[in-house]
Amino acid sequence: MRAVLMAGGSGTRLRPLTCDLPKPMVPVLNRPIAEHIINLLKRNNIKEIIATLYYLPDVMRNYFQDGRDFGVEMTYAVEEEQPLGTAGCVKNIQQWLDDTFLVISGDGITDFDLQSAIAFHREKQSKATLILTRVPNPVEFGVVITEPDGRINRFLEKPSLSEIFSDTVNTGTYILEPEVLDYLPENEESDFSQDLFPILLARGEPMYGYIAEGYWCDVGHLDACREAQYEALEQKVTIDFAYAEKSSRIWIGSNTYIDASAKIEAPALIGNNCRIGARVKIEAGTVIGDNVTIGNDADLKRPIIWNGVTVGEEAHLRACIIARGTRVDRRAQVLEGAVLGPLCHVGEEAQIAPGVRVWPSKRIESGAILNINLIWGNMAQRNLFGQRGVSGLANIDITPEFAVKLGAAYGSTLKLGATVLASRDQRSVSRMVSRSLISGLMSAGVNVQNLEATAIPISRTMTERLDTAGGLHVRLEPNHHDHILIEFFDRQGINISKSKEKKIEGTYFKEDLRRVSITEIGNIAYPDGVIETYSHTFETHLNIEAIRNSRSKVVIDYVYAVSGAILPQLLAKFGCDAVVLNASLNQNAISNQEREQLLKQLGQVVEALGANLGVQVSANGEQFILVDESGLPIRGENLTALMVNTIFTANPRSTVVVPVHASSAVEQIARRHDGHVIRTKVNPTALMEASQANPNVVLGGSGEIGFIFPQLHPGFDGMFGIAKLIEMLTIQERSLVEIRNELPSVCHKSHTVRCPWKIKGSLMRHLVETHPTENLELIDGVKIINPQNDNWVLILPDAGEPQVHIFANSEDRNWVDQSLSDYRQRVQSFIDHEQGLVIEQ
C-alpha cells in the first residue's frame with residue numbers, strides 16, 4: 001500500500017518557529033515530525049511514500065532525499081503555483097494512486113495501529129475511512145459523528161464552541177479507494193472535510209470512521225508543540241528515540257560531555273556533541289538538541305532547546321522553546337511559554353516574559369525586559385476574530401499599531417484599488433482606532449469611503465449603496481464597555497464569513513502584507529448625502545401615510561451614546577412627536593446599573609407625557625428596548641414575541657428567522673398566521689445570512705440581539721424597527737399593552753453552569769448519546785425536544801467563556817422548573833465526574 005504524506009503546511013500558528021521551516025520539519029525530540037510519521041508508516045509495513053509539498057519544499061526534499069537512509073521509498077509532488085488544499089494536492093497525484101491508499105497529515109504525532117484501521121476499511125468495504133480519536137476539547141478539530149457501526153452521518157469542520165456535538169475528531173488520516181478522487185475537480189483547491197467528504201455523504205457512498213486507540217497530538221500550535229515533547233519523553237507515545245538510553249529515561253547522544261556536578265532529572269533528552277557545564281540543573285522534561293552548549297550554573301526547567309543553541313552561565317530557562325542557532329547570554333531569563341525564533345540573541349540579564357514570541361534574527365539588548373511579542377504586538381497568542389469581529393481592551397489589546405496592521409492585513413486580502421467603507425461611533429477611542437485601520441488599508445492600496453461617526457445600520461446600508469468591496473465599523477462593545485469591537489462587512493453589509501476571517505488572520509499572522517508604491521497608495525473620501533440616501537431607503541420601505549396619520553408621540557432614550565441620531569428627524573418628518581432623552585455624548589461608558597435607572601426614568605417620562613411608546617436605543621443603533629404606554633419595559637423574549645406578532649399580523653404566511661434559543665411563543669404566533677419559522681445558530685452572522693437566503697423572510701433576529709428587516713438591508717436596524725412598529729401599530733389599531741396581552745403564555749428560563757473548556761466536547765457527546773435521535777435538534781448546542789408539543793431543553797456552550805447555558809421552554813411552568821433543575825444536576829454531575837477523572841490522571 002502507498003501512503004500520501006501531506007507535508008505542504010506553512011505552520012502559521014507555530015510562528016516564529018516556522019518562518020524558515022515547514023511545519024512537518026519542526027523537531028519533536030530532535031527529529032522532525034515527518035520523520036516520526038515515516039517511522040510509524042514503516043512499522044505498519046507501508047514503505048512507498050509520496051510527500052505533497054508547497055511551503056519551502058526543498059527543506060524536506062534535502063533531508064529525506066529518496067528515503068533510502070530511512071528505510072522507505074520517497075517521491076515528491078510540489079504544488080508549484082498555488083496551494084491545492086488537503087484534497088486537491090492528492091487529486092494532483094491521482095495517476096500514481098491505482099489501489100487503496102492511505103493519506104496522513106504531516107503535522108501530527110501518533111502511534112495508531114494503521115494495519116487495524118486498514119483491516120476495518122476492507123471489512124466494511126468502505127470507499128473512505130477516517131481514522132478518528134477522542135479529545136477533551138474538540139473545538140480546534142473536525143468533529144465526526146458516526147452510527148454505532150461506524151458509518152459516518154455528519155461532519156463539523158473545526159466547530160465553534162456552541163456546535164460541539166461530540167468529542168470524536170478527525171485526525172487527518174484517511175484510507176481511501178482511488179475512485180473517490182473522481183469527485184474532485186482538477187487543478188483547483190479542495191479540502192477533504194469541506195468538499196470531498198460531504199460529496200461522498202450526499203451520494204450515499206460507504207464512508208466509515210475508525211476510532212483508533214493510542215496516542216495522537218496535532219502539533220498545530222505552540223502549546224501542542226511543547227506538550228508533544230513532554231508526553232513523548234514520558235513515553236505516552238510509541239516513537240523511536242534518536243539516542244541511546246544511558247540510564248533510566250535519560251537519553252544522551254554521542255560525543256556529549258556532561259560535567260560531573262551537573263544534575264539531571266529523568267526524563268530528559270540531550271543530543272549529540274553537547275557541552276553541559278558545572279552545576280547545571282536539568283529538570284525532568286528538558287529536551288536539548290545537537291551541538292548545544294550550556295554554561296555553568298544554568299537552570300533549565302523543561303525548556304525545548306533546538307540544535308546549535310548557546311546558553312550562558314546562570315541563565316534561567318522555564319518551559320520555553322529556543323529555536324536553532326539562538327544565543328542566550330549570562331543570567332538571562334526566558335520564562336514559561338516564551339518562544340525565540342532562529343538566530344536570535346538575548347543579552348545579559350535580559351528577561352523574556354511568559355508567553356512572548358520573538359521573530360527570527362532579533363536582538364534583545366542586555367538588561368531589557370521584553371513583555372510584548374517582538375514584531376507582532378500583544379495579540380499574537382489568540383485568534384483575532386471572536387463571535388462578532390475583533391475585540392479587545394481599548395488601547396491595551398486594540399492599540400493604534402495593532403489596528404494599522406489589521407487594516408493592512410484586511411486590505412491585502414482585497415484587490416489592489418478596491419474600495420472599503422469605514423465608520424465608527426462617536427467615542428474618541430473609536431476615532432483613534434478607525435484612523436489607524438484606515439491608514440493600514442491605504443498602505444495596501446485600498447481606497448476608503450469614510451463615513452466617520454455613523455450609526456451602524458447606516459453603514460451597512462451604504463456598504464452596498466456605494467458599491468464597495470466591504471466595510472468595517474468601530475465601536476465600544478455593547479456588553480463590555482472597556483472593550484473595542486471592530487466588525488467587518490462583506491459587500492452586502494453582512495458580517496464576513498468565517499473563511500474570510502481566517503484569510504485575514506492568516507495574512508496578519510504571516511505578515512503577508514501588500515506594500516504598494518507611492519503612486520498606488522489608497523485614497524480617502526468623505527461621501528456626501530449619506531443621511532439622505534439612508535433616509536430615502538428608510539422611507540421606501542414604510543407606509544408613510546399610516547405613520548403620518550398616527551400622530552404618535554414617541555420618547556427616545558439614546559443613553560448618552562448617540563451616533564447619527566436621525567430617527568427623531570425622520571419621525572418628525574412623518575408627523576410624529578419625538579421627544580429625545582440623553583442624546584449628548586458621554587465619553588465614559590454607562591454601566592448596566594445606570595442603564596437600568598435610565599430605563600426606569602424613560603418609563604416615567606412616557607407615562608407622564610401620555611406617549612404611545614418609549615424606546616431605549618443601544619449598540620449604536622442596532623438594538624432597542626420598548627416601553628409601553630403604562631411605562632413598563634418590553635425586552636428579551638417578550639420583545640421578540642411582540643415583534644413577531646405584529647409582523648405576522650401585517651404579513652401572514654410569511655417567514656421569520658430567530659435564534660435557536662428563542663421561546664416557542666414564536667411558533668405559536670406563526671401557527672395563528674399560517675407563518676413559518678426558521679431557527680439558526682446563536683450568532684449575528686447566521687441570522688443575517690438566513691434572513692437574506694429566503695426571499696419570504698420579513699423579520700430576523702431577537703430582542704436580545706436586534707432585528708433585521710431584509711428588504712431594507714441585511715443588518716440589524718433598531719431605528720427602522722421602531723418606525724416600522726409605529727406603522728404596524730397604526731394600521732392594526734392596537735397598542736403595545738394590547739399586543740402584550742395577546743402574546744402566548746410561555747415559560748422560558750435559563751441557567752448558566754461553569755464548564756471547563758476541555759469538558760465541553762465530551763459533555764455535548766454525552767448528551768447526544770444519551771437521548772433518542774428523534775428527540776434531538778443539533779442546530780446549535782444540543783436541543784432535546786418533544787415532537788408532540790413545544791416543550792424543549794437546550795444546552796448551549798458559550799462561545800467566549802468556560803460556561804454552558806441551559807434553557808428550558810414550555811407552557812407549563814412546573815415542567816420548566818423541574819427540567820431546568822434536572823439538567824442543571826445532570827450537567828453538573830457530568831462536569832464533576834470528568835474533572836475527577838482529570839485529577840486522577
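Before reading further, recall that the structure is shown in the block above.
Here is a short report on the structure shown in this document. If you're wondering where the values come from, they're calculated on a predicted model, not measured in any experiment. (Residues numbered from 1 in each chain as written. Predicted model: local features only at pLDDT ≥ 70, side-chain atom pairs only at ≥ 80, totals over all residues. Heavy atoms only, no water.)

A few points about the pattern of salt bridges
Reasoning step 1: Applying the stated criterion to the full structure yields 37 salt bridges.
Reasoning step 2: Close ionic contact of Arg 61 with Asp 58 constitutes a salt bridge, the shortest N to O distance being 2.6 Å. Note that Arg 61 and Asp 58 are positioned in helix H2 (residues 57–64) at a spacing of 3 residues, about one turn of the helix.
Reasoning step 3: Relative accessible area serves as the criterion here: at 30%, Arg 61 is assigned to the partly exposed category.
Reasoning step 4: For Arg 475, the salt bridge identified is with Glu 622, shortest N-O distance 2.9 Å. One end of the pair, Arg 475, is in strand E39 (residues 470–477); the other, Glu 622, is in the loop between strand E44 (613–618) and strand E45 (623–627), with 147 residues separating them in the sequence. Neither Arg 475 nor Glu 622 differs from the other in exposure class; each is buried. (Salt bridge = Lys/Arg side-chain N within 4 Å of Asp/Glu carboxyl O. Helix = DSSP H or I, 4+ residues; strand = E, 2+ residues; numbered from the N terminus. Buried < 20%, exposed > 50% of the residue type's maximum accessible area, 1.4 Å probe, protein only.)

Focus on the side chain of Ser 691
Reasoning step 1: As for its position among the elements, Ser 691 is in helix H17 (residues 684–693).
Reasoning step 2: Judged by relative accessible area, which is 1%, Ser 691 ranks as buried.
Reasoning step 3: The residues contacting Ser 691, other than those within four sequence positions of it, are Val 657, Val 697, Gly 700, Ile 708 and Pro 710. (Contact = heavy atoms within 4.5 Å.)

Section: the nonpolar core
Across soluble globular proteins, you tend to see nonpolar side chains buried next to one another.
Reasoning step 1: In this structure, Leu 5, Leu 29, Leu 41, Met 60, Phe 64 and Met 74 are the most contacted members of the largest nonpolar core, which totals 69 residues.
Reasoning step 2: It is helix H6 (residues 222–233) that provides the largest number of residues to this core, a total of 7 residues.
Reasoning step 3: Counting residues in hydrophobic clusters, the runner-up holds 57 residues, among them Ile 556, Leu 626, Ile 647 and Val 658. (Core = buried A, V, L, I, M, F, W, Y, C linked by side-chain atoms within 4.5 Å.)

Looking at the environment of Leu 639
Reasoning step 1: Looking at the secondary structure, you find Leu 639 in helix H15 (residues 636–650).
Reasoning step 2: For Leu 639, a relative accessible area of 0% gives the class buried.
Reasoning step 3: Counting along the chain gives 26 residues from Leu 639 to Ala 665, while the straight-line C-alpha distance between them is 11 Å.
Reasoning step 4: Apart from the residues within four sequence positions on either side, Leu 639 is in contact with Phe 624, Ile 625, Leu 626, Ile 634, Gly 703 and Phe 707.

Digging into the packing of aromatic side chains
Reasoning step 1: Overall, the coordinates contain 16 aromatic pairs when judged by the stated rule.
Reasoning step 2: Aromatic pair Phe 624 and Phe 707: ring centres 5.9 Å apart, planes at 40°, arrangement tilted. Of the two residues, Phe 624 sits in strand E45 while Phe 707 sits in strand E50 (residues 706–708), which places them 83 residues apart along the sequence. There is no split in this pair, since Phe 624 and Phe 707 are both buried.
Reasoning step 3: Positioned above the aromatic ring of Tyr 508, the side-chain terminus of Lys 405 is 4.6 Å from the ring centre.
Reasoning step 4: The ring centre of Trp 792 lies 4.1 Å from the NZ or CZ of Lys 783, which sits over that ring. (Phe/Tyr/Trp six-rings, centres within 6.5 Å; stacked < 30°, edge-to-face > 60°. Lys NZ or Arg CZ within 6 Å of the ring centre and 35° of its normal.)

Thoughts on the environment of Thr 680
Reasoning step 1: When you line up the elements, Thr 680 lands in strand E48 (residues 676–680).
Reasoning step 2: Sequence separation between Thr 680 and Ala 662 is 18 residues; the distance between their C-alpha atoms is 10.0 Å.

Some words on the sheet that holds strand E52 (residues 776–777)
Reasoning step 1: Across the sheet, 5 strands lie side by side as E51-E55-E54-E53-E52; this open sheet has antiparallel pairing. This sheet does not close on itself; its edge strands, each paired only once, are strand E51 (747–754) and E52.
Reasoning step 2: Sheet topology places strand E54 (residues 792–797) next to strand E55 (residues 803–810); 6 bridges connect them, and they run antiparallel. If you follow Leu 794 over to E55, its bridge partner there is Phe 807.
Reasoning step 3: The sheet strands contacting helix H20 (residues 757–769) are E52, strand E53 (782–785), E54 and E55, and the helix crosses E54 at an angle near 160°. (Pairing = 2+ DSSP bridges. Axes fitted to C-alpha atoms, helices over the stretch in contact; angles between N-to-C directions.)

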